[in-house]
Structure formats: structure tokens, C-alpha cells
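An overview of the molecular structure
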Amino acid sequence: QVQLVESGGGLVQPGGSLRLSCGASGFTFSNYVMRWYRQAPGKERELVAGISEFGRYTNYAESVKGRFIISRDNAQNTVYLQMNSLKPEDTAVYYCNVFVLTNYWGQGTQVTVSS
């Protein structure tokens, strides 16, 4: 079955960086677009970034453009989210997502940006 496992979250000061990872299994990773979403307390889940099957195309939410970079390693079945210049408003649970006939989500990883 499809499994997504995120890691790399934590507490970071404003202006700092974190790198999230999402390991995938149960499907042919290189055949699918991968996405990162986030959900802050009291808010709806929102798309942060997406990457095409071989990494040629990426897209980002306006709020993270120029600060976040999504990438993937198809040999390792892993998608990454490099987050730089973090702001308090980036605080959220970050989820990895793939659509394989239906949406699949990881368990999420907490990112807290605070001094």
C-alpha cells in the first residue's frame, strides 16, 4: 500500500532553515507528481509546492516563492522541501502528498518558527 513518511521538522528561529524529507513506498515513485502541503492551527490545508515526475517542473505558493525549494530523488523514492528564510507564519504541520487514484498523505511533521 502507499506509504508516505515525513521527517525533518522542528523548532527554528526566524530566518533559519530546515530541510524536510518524505520517503515513499507502495507505488512507482517516478511516475507521479509529488506535493508538499501545510496546515496551520485554525486554518485550512494549503499547497506549498509541487514537483513533476522527473523534477523538470516545479510550482510554489506565492507565500514561499524564493524561499522554499522542492526537489526529488527518484532513486531513493524521496521528495524534499528545503525551507530558507523561515518566518513565524511558516509555522504549521507539513504533509507530503501523492495522488494515486486517490489522495495519500503522510502523518505530517511539525515546523515551528519562533524566537
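In what follows, the structure referred to is the one given above.
The following paragraphs examine the structure supplied in this document. The structure displayed is predicted, hence computed values, not measured ones.

What counts, and at which threshold
Chains are numbered independently. Their residues run from 1 in the order of the written sequence. In keeping with the model being predicted, local features are shown solely for residues with a pLDDT of at least 70 and side-chain atom pairs are shown and tallied solely at 80 or more, while totals for entire chains, interfaces and linings include all residues. Calculation of side-chain values draws on the structure's entire complement of heavy atoms; hydrogens and water are dropped beforehand. We count a salt bridge whenever a side-chain nitrogen from Lys or Arg sits within 4 Å of a carboxyl oxygen from Asp or Glu. Three labels apply to residues, based on accessible area from a 1.4 Å probe with only protein chains included: buried if under 20% of the type maximum, exposed if over 50%, partly exposed otherwise in between. Helical segments are the DSSP runs of H or I of at least four residues, strand segments are the runs of E of at least two, and each set is numbered from the N terminus. When the centres of two rings from Phe, Tyr and Trp lie within 6.5 Å, Trp using its six-membered ring, the rings pair. Their planes under 30 degrees apart give stacked, over 60 give edge-to-face, and anything left gives tilted. Think of it as a cone above the ring: NZ of Lys or CZ of Arg counts as a charge over the ring if it is within 6 Å of the ring centre and within 35 degrees of the ring normal. A pair of strands counts as paired when DSSP detects no fewer than two bridges linking them.

Our focus in this paragraph is the pattern of salt bridges. Pairs may arise between side chains of opposite charge once their charged atoms sit close together. Tallying each qualifying case throughout the model produces four salt bridges. One salt bridge connects Arg 38 with Glu 46, and the closest N-O pair in it is separated by 2.6 Å. Note on Arg 38: relative accessible area 6%, which makes it buried. With a closest N to O distance of 2.9 Å, Asp 90 and Arg 38 form a salt bridge. Placement of Asp 90 in the loop between strand S8 (78-83) and strand S9 (92-99) and of Arg 38 in strand S4 (residues 34-39) is noted, with a sequence separation of 52 residues between them. Residue Asp 90 shares its accessibility class with Arg 38, and that shared class is buried.

Counted by the stated rule, this structure contains four aromatic pairs. Measuring from centroid to centroid gives 5.6 Å for Phe 27 and Tyr 32, while their planes differ by 80°, and the two rings are edge-to-face. For Phe 27, a relative accessible area of 13% translates into the label buried. An aromatic cluster of three or more residues is present, and its members are Phe 27, Phe 29 and Tyr 32. Here the basic side chain of Arg 19 rests over the ring of Tyr 80, its NZ or CZ set 3.9 Å away from the ring centre. A cation over a ring is seen here: Arg 45 above Trp 105, with NZ or CZ 4.5 Å from the ring centre.

So, on to the pairing of strand S5 (residues 46-51). Strand direction decides the pairing type here: S4 and S5, joined by five bridges, are antiparallel. The partner of Arg 35 across the bridge, within S5, is Gly 50. In sequence, S4 turns back onto S5 through a hairpin of six residues, with Gly 42 there showing a positive phi of about 75°. One ladder, built from three bridges, connects S5 with strand S6 (residues 58-60); its direction is antiparallel. Residue Gly 50 lies in a different strand from S6, and its bridge partner there is Asn 59. Hairpin geometry of S5 and S6 is characterised by an intervening segment of six residues between the two adjacent antiparallel strands and by a positive phi of about 85° at Gly 55.

So, to be careful, I would describe these as geometric facts and stop short of saying anything about function.
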